[in-house]
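# Structural overview
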Amino acid sequence: MSAKGAIKWLAIILGILSVYYLSFTLVHYKVQRDAEAYATDSNGNIDFSLKQRYLDSVSNVTVYNLGFRSFTYEDVQKRALSLGLDLQGGMHLVLEISPADIVKALAGARAKTEDFEKALKLAQQKQQSSQAPFGTLFAEAYKEVKPDGNLARLFANPGNKELTFNSSDEEVVAYLNKEINNAVDRAFEVLRRRIDKFGVANPTIQKLPASGRIQVELPGVDNPERAKKLLSGVAKLEFYRVYPLNELQFSLLQLRDYLKIEDSESKTDATNPFEAETKTDEQASNPFEEAGDSASLAQADSLSTGDSVKTEESRAQADSAATDSLKIERSRFDELFVLTGYGVYVSVEDTAEVNRILQDETVRAFFPSNVRILWAAKPETGANNPLAGKLELYFIETQRDGKPLLEGDVIADARPDYDENGRPAVSMSMNAEGARKWAKITGENIGQRIAIVLDNYVYTAPTVQAEITGGNSSITGNFTVEEAADLANVLKAGKLPAPVRIVEEAVVGPSLGKESIQQGILSIVLGFVLVLAFMAVYYGSSGWVANFALLINLLFIFGVLAPLGAVLTLPGIAGIVLTIGMAVDANVLIYERIREELKHGLPLVGAIEKGYAKALSSIIDANVTTFLTGLILYIFGSGPVQGFAIILLIGIVCSVFSSVFVSRLVVEYLAGDGKKPRINFITALTRKVSEKLDAQNFDFLANRKKAYAFSSVVVVLGIVATLIMGGFNLGVDFKGGRSYVVEFDKAVSAQDIRAALTPVFENKAPEVKAFGANNRLKITTSYLIDDESETADQTVREALEKGLAQFGELNPKVLSSNKVGATIADDIRNTSQLAVLLSLVVIFFYILIRFREWQYSLGAVIALFHDALVVLSTYQLANLLGFSLEIDQVFIAAMLTIIGYSINDTVVVFDRIREYRTEFGSLPLRELLNKAINQTLSRTIITALTTFLVVFVLLLFGGEVLRGFAFALVMGVVFGTYSSVFIATPIVYDFTKKKAGKEAAGNA
């Protein structure tokens, strides 16, 4: 081997770098353990806020000193290998920026026309089955709705410099698509800035290509609801003048009379134009519902003195002392509304009914056209406050163009602060333009109330006593420290260009994460030990060299992951386990080649050199095909599946380097000049197995039709099982829904839980099945999955808790939750199918390029398609027998891995066929193919056995999360090995023979 010195030094450098980077991981987890110990009480409960406080306190403290340089905890954290959410707990979200909302915003008031709304709905329907940009789809839809319509007139306005009323449709489409893309980019930046201030370790945020979606992962987050509110809040800050009640007296009298007429006519629900609701839409969508009581905004310097703005205390006094200013008769109006000299109030329980009333077009006509009606952010509080428990209803005045007096884009800075009473508050400072406008607004509205509106909620509406200059103001109220920090965060980060929807969500509790780590480590250790033992027993001293190469391979994998910033997930651990099994394949190929050359009489040194040379082609082809399937998996996968793909890709590269180059250095060193070698490739077991295999000359091709029949029977049984079960057992990834892993103190019947939950889920029976232990269940429901409002998540969770309440004595605890919206489920399903098909196409052309004959490509692809069908069939048969295995993204990862493994096996046989066609070209085709299969049979069996050992360990000890994945891999190893021998090569034989027959007939 040339360049031995370079390879040796490269291996040494890589080893040192790997140890260097992994040392940061060890230090990082030592600090984490110290933080947990600090935050753990006497009962073993961890206070996560206390843990985070400890980590924050050591953030800039030196925790690792290497002599030449010291590192703070923050430095160590950046260099350490990060754990995924499934290993340490946390939250995974996929947020979607609705392009329809962007288009509506660009159209402004024109979006309210009937034609526009029809076109928008049609475009959204088209989007479900088209990959075209939304702007293009909207233009097509609008032309269908209104063929003679002018697109430019919908979006051109004096403030838009890119379009005129004479712009072409093509220019409008380009403008729309650009603005939609820009909106996603802006949203990404806003969310990134919010996350940076959220205070979690190693958060990740990335744009998902061509989807308008943004993926966010927050490891270790202990308050998922707070995180969701922080990320989904638009942060649209506006300043409005509040209509004085004396200006609306006639409007309110009309409303009172209208409600009195409704009462006298005794209208029933059937004639009521408003359907019953349980909660106001605005109330449900407010990201800061719990962010403060009756907040007041004032000039920072005057809050303590009360000189410029009426304070909260004086307001409460005015409310309690006021009397009803409207002398009207009793009606439903009097029961719903409380009028004071200061404002209008409604009990929280009546907000839904009031919302319905105010949405009536007749009622809206009672009020001026420039009136907007908004709710206060929080109800009134206070033991002596007669309005406690009531929400103020604000009537605010908009400008002629529907805009506020001032918008939040003038906020230059926002920070958490404390008011004069030591309560958490938010201080804001405006830029020069904002300060000038704010002074003008307050100067012109002395004696009037100015409403401060955030995301369509009024946080405060103080009465201006004097002009406020300087642009410095503060929001005060009953904030917690965290709530004040979050509010300041979103104000400073800026507003989102459009509302975001959470289309996918997963929350993993820390206890489940720890369990996953234990199961993953156990799987790695047991699989590793089994492979080490087998290689040592079967190959002797050369087996220990292979084991050394395997250790180096693992060191390189972990060493590469850390500097790349990759995240280790549970499927990633599965990838490592699988890599252990597949990594020995290269050594097995080499050793079997060396043994063949020794049989042919070559001396040891010559056999080693020739064995490595002849095995190299098979190793490259086998690993390139597996690498290609891993690359496709990385491109089309997401979240944990991508983590698995990264491990697989890194593992393939590292295993080739360690097995081919590093092991050769050791082998040649131990062999010396061949006279007194310290290495052997044959043991008593090896010799016995070799003699048995050599004595047999199996005619595989003679049994090909039996193999075809057997595979057909398995597939047919799988189809029958599918029909019996009424379809595939799809996970939430593919069908949409919400799933919860719930743990009880004792074993509980899945049937009892299902019966208890069915009524609360509106008689939609959930799927309930055991999840690992008999006291742990996985509950999956499609209840409200098509409801995209933010209240839906809470409604489903409340329904779940209500149904489980009757099992309160068993202390049910939700360990993790997962939500996939219907739209994203369709996308995941489609991309998964595309990934499998694309992998087959890529492999077809790679084999065609390498072997120059289409029969080889066809044989390989048919064998792979066979493997996919057979594994899917065994999956269905296992489900029929009660094993409950889901088809989800992780299953697709397993299928692609099987494809990579199977083609690895097949390519080794094909490579030997190609070699024999050169050496034994005169042999009949059938004899030549059988000879190639027989000669590679020992390698096929050994590789299959080592890989089977580790994936079987993964099936036994990998935990419930990876149960379906491991089962598919076990079946894939078995049938992938079978297909390489009984399907792929026989297909090549059948089609080559058929081609030869046609050529002979043509020549005749």
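Rules used in this analysis
- Residues numbered from 1 in each chain as written.
- Predicted model: local features only at pLDDT ≥ 70, side-chain atom pairs only at ≥ 80, totals over all residues.
- Heavy atoms only, no water.
- Helix = DSSP H or I, 4+ residues; strand = E, 2+ residues; numbered from the N terminus.
- Buried < 20%, exposed > 50% of the residue type's maximum accessible area, 1.4 Å probe, protein only.
- Axes fitted to C-alpha atoms, helices over the stretch in contact; angles between N-to-C directions.
- Parallel < 35°, antiparallel > 145°, perpendicular 65-115°, else oblique.
- Left-handed = near helix turned anticlockwise from the far one by under 90°.
- Contact = heavy atoms within 4.5 Å.
- Nonpolar A, V, L, I, M, F, W, Y, C, P; charged D, E, K, R; others polar.
- Core = buried A, V, L, I, M, F, W, Y, C linked by side-chain atoms within 4.5 Å.
- Polar contact = N/O pair within 3.5 Å; in protein donor to acceptor, adjacent residues only side chain to side chain.
- Salt bridge = Lys/Arg side-chain N within 4 Å of Asp/Glu carboxyl O.
- Pairing = 2+ DSSP bridges.
- Phe/Tyr/Trp six-rings, centres within 6.5 Å; stacked < 30°, edge-to-face > 60°.
- Lys NZ or Arg CZ within 6 Å of the ring centre and 35° of its normal.
- Expected span 1.5 Å × (residues − 1).
- Bend = angle between axes of the 7 residues up to and from the residue.
- pLDDT = per-residue confidence, 0-100.

## Concerning the overall build of the protein
Counting secondary structure elements, the protein contains 34 helices and 24 strands. For the protein, the residues scored as buried account for 53% of the 1004 residues in total.

## Focus on the packing of helix H1 (residues 4–39) against helix H20 (residues 541–564)
In contact at an axis separation of 8 Å, H1 and H20 are set at 60 degrees when each is read in the N-to-C sense. Relative to H20, the element H1 lies oblique. Where H1 crosses over H20, the handedness of that crossing is left-handed. On the side of H1, the interface is formed by Ala-11, Leu-14, Gly-15, Ser-18, Val-19, Tyr-21 and Leu-22, while H20 contributes Leu-555, Phe-556, Phe-558, Gly-559, Ala-562 and Pro-563. Broken down by class, the residue content of the contact of H1 with H20 amounts to 10 nonpolar, three polar and no charged.

## Topic: the nonpolar core
Formed by 134 residues in total, the largest nonpolar core has its most connected members in Ile-580, Tyr-591, Ile-847 and Phe-965. Beyond its immediate chain neighbours, meaning those up to four positions away, Ile-847 contacts Thr-625, Arg-852, Tyr-856, Ser-857, Ala-860, Ile-903 and Val-907. The next biggest cluster of nonpolar side chains, apart from the first, holds 57 residues, and it includes Tyr-243, Phe-367, Met-428 and Val-458.

## A few points about unusual backbone geometry
Of note in the backbone geometry, Asn-811 takes a positive phi value of approximately 55 degrees without being a glycine. Structurally, the position occupied by Asn-811 is in the loop between helix H28 (791–804) and strand E24 (813–820). For Asn-811, a relative accessible area of 36% translates into the label partly exposed. At Arg-852, a position not held by glycine, the phi torsion is positive, near 65 degrees. Within the secondary structure, Arg-852 sits in the loop between helix H29 (822–851) and helix H30 (854–880). According to the relative accessible area criterion, Arg-852 is exposed, its value standing at 72%.

## Considering the side chain of Ser-938
By the secondary structure assignment, Ser-938 is in helix H33 (residues 937–957). Looking at Ser-938, its side chain comes within polar contact range of the side chain of Glu-592, at 2.6 Å. Excluding its chain neighbours within four sequence positions, the residues that come into contact with Ser-938 are Glu-592 and Leu-693.

## Quick word on the pattern of salt bridges
Taken as a whole, this structure holds 31 salt bridges when the rule is applied. One salt bridge connects Glu-353 with Arg-332, and the closest N-O pair in it is separated by 2.6 Å. A residue pair is termed long-range when its members are at least 10 positions apart, and Glu-353 in helix H15 (residues 351–358) and Arg-332 in helix H14 (residues 332–336) qualify at 21 residues. Accessibility expressed as a relative area gives 23% for Glu-353, which makes it partly exposed. Arg-332 sits in the partly exposed class, given a relative accessible area of 22%. Across the salt bridge formed by Lys-614 and Glu-915, the nearest N and O atoms sit 4.0 Å from each other.

## Considerations on the pairing of strand E21 (residues 737–743)
With seven of seven residues buried, E21 lies mostly within the body of the structure. Burial along E21 is two-sided: Gly-737, Ser-739, Val-741 and Glu-743 and Arg-738, Tyr-740 and Val-742, pointing in opposite directions, are all buried. Pairing analysis gives seven bridges linking E21 to E24, with the strands arranged antiparallel. Looking across to E24, one finds that Val-742 is bridged to Val-814.

## A few points about the side chain of Asn-587
Turning to its location among the elements, Asn-587 is positioned in helix H21 (residues 570–599). On the basis of relative accessibility, which here comes to 1%, the residue Asn-587 falls in the buried class. Only 3.3 Å separates the side chain of Asn-587 from the side chain of Ser-659, close enough to count as a polar contact. Dropping the residues within four chain positions of it, Asn-587 is found in contact with Ala-546, Ala-549, Ser-659 and Ser-663.

## Some details on the packing of aromatic side chains
In this structure the tally under the stated criterion is 35 aromatic pairs. One aromatic cluster is present, formed by Phe-698, Phe-700, Phe-710, Phe-975, Tyr-978 and Phe-982 through successive ring pairs. Looking at Arg-678, its charged tip hangs above the ring of Tyr-669, at a distance of 5.0 Å from the centre.

## Some points on helix H22 (residues 604–636)
The end-to-end C-alpha separation of H22 is 47 Å, in line with the 48 Å expected for 33 residues at 1.5 Å each. By the largest-angle criterion, Leu-616 marks the main kink of H22, which is about 35 degrees.

## Considerations on the confidence of the model for the protein
Taken as a whole, the protein shows an average pLDDT of 79; of its residues, 84% reach a score of 70 or greater. Confidence over residues 262–329 falls short of pLDDT 50; this stretch has 156 contacts with residues more than four positions distant or in other chains. Of the regions scoring below 50 in pLDDT, residues 999–1004 engages in zero contacts with residues more than four places distant in sequence or in other chains.

## Focus: the packing of helix H31 (residues 889–919) against helix H32 (residues 925–935)
Where H31 contacts H32, the two axes come as close as 9 Å, and the packing angle between them is 130 degrees. Comparing the axis directions of H31 and H32 gives the class oblique. Once H31 is placed against H32, the crossing between them reads as right-handed. Two secondary-structure elements touch here, H31 through Val-909, Arg-912, Ile-913, Tyr-916 and Arg-917 and H32 through Leu-928, Leu-929, Lys-931, Ala-932, Ile-933 and Gln-935.

## Notes on the environment of Val-861
Locating Val-861 in the fold gives a position in helix H30. Using a relative accessible area of 17% as the deciding quantity, one classes Val-861 as buried. Those residues in contact with Val-861 that sit more than four places away from it in its chain are Leu-840 and Phe-844.

## As for the environment of Asn-729
Relative to the elements of secondary structure, Asn-729 occurs in the loop between helix H25 (704–725) and helix H26 (732–735). In this structure, the C-alpha to C-alpha distance between Asn-729 and Asp-888, residues 159 residues apart in sequence, is 9.0 Å. Beyond its immediate chain neighbours, meaning those up to four positions away, Asn-729 contacts Glu-767, Lys-769, Gln-876, Asn-879, Ser-884, Leu-885, Glu-886 and Ile-887.

## Remarks on the environment of Phe-250
Checked against the element boundaries, Phe-250 lands in helix H11 (residues 249–265). When the C-alpha positions of Phe-250 and Phe-367 are compared, they lie 8.7 Å apart, and in sequence the two are 117 residues distant.

## Let's talk about H30
An ideal rise of 1.5 Å per residue puts 39 Å on 27 residues; H30 measures up with 39 Å between its terminal C-alpha atoms. Most of H30 is tucked away: 19 of the 27 residues are buried. Backbone geometry just after H30 places Gly-882 at a positive phi near 100 degrees.

## Here we look at the pairing of strand E4 (residues 90–97)
Where burial is concerned, most of E4 is hidden: eight out of the eight residues are buried. Where burial is concerned, the two faces of E4 agree: the one with Gly-90, His-92, Val-94 and Glu-96 and the one with Met-91, Leu-93, Leu-95 and Ile-97 are both buried. With seven bridges joining them, E4 and strand E6 (residues 213–219) adopt antiparallel strand pairing. Among the inter-strand pairings, Leu-95 is bridged to a residue of E6, identified as Ile-214. The pairing of E4 with strand E19 (residues 500–508) spans eight bridges and is classified as antiparallel.

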